[in-house]
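Here is what each chain is made of, one letter per residue.
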Amino acid sequence: MDSHIAFASLGLSPVALSIGPLDIRWYSLAYIIGIIAGWWYLLRLIAQPAAPMNRQQADDLVFYATLGVILGGRLGYVIFYGPEMILHPLQILKLWDGGMSFHGGAAGVSLALILFARRHRLDWLRVHDYVACTVPIGLFLGRLANFVNGELWGKPSDIPWAIVFPGSHDGLARHPSQLYEAGLEGLALFTVLAFLFWFTDARRKPGLLVGTFLIGYGLARFTVEFFREPDAQLVAFAARTGLHMGQWLTLPMFVAGLYLISTASRRAPHLERAADSVKA
């Protein structure tokens, strides 16, 4: 253990700033900064030709997406990871207790985007394409916040960069799996989607970008879960089923992603005809 990194030596604290009795946590800032940065990047995306929405609609979309990620993420955590909270409803409001579920947040955002698109009479799938390009920003910041919180650590390991996290009662050094996820779900996935958007005609093939996101996130999450400890309350579930809850929840994402990618080219001609009719 002496050859490994002690988390305490990094000087990190879950609290970014204290103002009197109010503690502002990095986890909360990750959501706030992620939403603002995602909004800024979305505005850059829709400034390009063939955008599915205008600036005013994009501003409206941020409100829908924010509600979707918060409500869906928290309810998803309760359903998939902490169903006992249903017996204590006030505990559900404590977002820092257990955190959020990405899969629940993704479902919440998707539903919010569909409602948004229906209200504005937009192509809901193309709206998803553009929003998908911004999501890795929030994922990157969220995983960094998980690391700063010293939570969701990995399995015991002897690798040189293994870390002894607080709360690890066995005192073993572990994989910093939060950083693995930040790199794969955040930086790598953002890079792939940015390349497809800016250097190919992917944005003109409805479903291709969001399908790539679903598969990319699914692969990253499924892989990193092999290096990550299951949630304490789901250790028995992982042992019984052979996979972590996070891995099981990625399987529908693979199926949906494959379908969207394989059928994207069929939808491209419909987009071109719709654009021609608008010009006419």
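Everything that follows concerns the structure shown earlier in this document.
Report on the accompanying structure. (Residues numbered from 1 in each chain as written. Predicted model: local features only at pLDDT ≥ 70, side-chain atom pairs only at ≥ 80, totals over all residues. Heavy atoms only, no water.)

Take the overall build of the protein chain next. Scanning the protein chain from N- to C-terminus turns up nine helices and four strands. Secondary structure elements of the protein chain occur, N-terminal to C-terminal, as β-β-β-α-α-α-α-α-β-α-α-α-α. Against the compact-globule benchmark of 19 Å for 280 residues, the protein chain has a radius of gyration of 20 Å, which places it among compact chains. Its C-alpha atoms give the protein chain principal-axis dimensions of roughly 70 × 45 × 35 Å. For the protein chain, buried positions account for 46% of its 280 residues. (Helix = DSSP H or I, 4+ residues; strand = E, 2+ residues; numbered from the N terminus. Rg over C-alpha atoms; globule rule 2.2 N^0.38 Å. Buried < 20%, exposed > 50% of the residue type's maximum accessible area, 1.4 Å probe, protein only.)

Look at helix α1 (residues 26-46) against helix α5 (residues 124-149): their axes get within 8 Å of each other, and the N-to-C directions meet at 160°. Overall, the two elements α1 and α5 adopt an arrangement that is roughly antiparallel. Like other packed secondary-structure pairs, α1 and α5 cross with a definite hand, here right-handed. When α1 is examined against α5, the residues W26, Y27, A30, I33, G34, A37, G38, Y41, L42, L45 and I46 are found in contact with a partner set consisting of Y130, C133, T134, I137, G138, L141, G142, A145, N146, V148 and N149. Residue composition of the contact of α1 with α5, by class: 15 nonpolar, seven polar and no charged. (Axes fitted to C-alpha atoms, helices over the stretch in contact; angles between N-to-C directions. Parallel < 35°, antiparallel > 145°, perpendicular 65-115°, else oblique. Left-handed = near helix turned anticlockwise from the far one by under 90°. Contact = heavy atoms within 4.5 Å. Nonpolar A, V, L, I, M, F, W, Y, C, P; charged D, E, K, R; others polar.)

Note that V131 resides in helix α5. Once residues within four sequence positions are removed from consideration, V131 is found in contact with L61 and L113.

Turning next to the nonpolar core. M53, L61, V127 and F213 are the most contacted members of the largest nonpolar core, which totals 39 residues. Broken down by secondary-structure element, the contributors of at least two residues to this core are α1, α2 (55-80), α4 (102-120), α5, α6 (177-199), α7 (208-224) and α9 (245-279). Looking at this core, the element that brings in the most residues is α5, giving eight residues. The residues touching V127, leaving out its near neighbours within four places in the chain, are P52, M53, L61, L113, F116 and L122. Counting eight residues, the second largest nonpolar core, distinct from the first, contains Y81, L234, M245 and L249. (Core = buried A, V, L, I, M, F, W, Y, C linked by side-chain atoms within 4.5 Å.)

The subject of this paragraph is the pairing of strand β3 (residues 22-25). Here strand β2 (residues 15-19) runs beside β3; their pairing, made up of four bridges, is antiparallel. When the sheet's bridge partners are listed, S18 is paired in β3 with D23. The turn linking β2 back onto β3 is made up of two residues, and G20 within it adopts a positive phi angle of 65°. (Pairing = 2+ DSSP bridges.)

Now for the environment of I33. Tracing the chain through its elements places I33 in helix α1. Under the relative-accessibility criterion, I33 is labelled partly exposed at 44%. The sequence separation of I33 and R74 amounts to 41 residues, and the corresponding C-alpha distance is 18 Å.

Moving on: the packing of aromatic side chains. Throughout the structure, instances matching the rule amount to 17 aromatic pairs. Look at F7 and F165: their rings are 5.5 Å apart centre to centre, the planes differ by 35°, and that puts the pair in the tilted class. Of this pair, F7 sits in the loop between β1 (5-6) and β2 while F165 sits in the loop between β4 (163-164) and α6, and the two are 158 residues apart along the sequence. The exposure classification of F7 matches that of F165, with both residues buried. Their ring planes at 80° and their centres at 5.6 Å tell us that F222 and F226 sit as a pair that is edge-to-face. Site record: aromatic cluster; members linked through ring pairs are F7, F147, W153 and F165. Stacked on the ring of F197, the Lys or Arg R203 has its end atom at 4.8 Å from the ring centre. (Phe/Tyr/Trp six-rings, centres within 6.5 Å; stacked < 30°, edge-to-face > 60°. Lys NZ or Arg CZ within 6 Å of the ring centre and 35° of its normal.)

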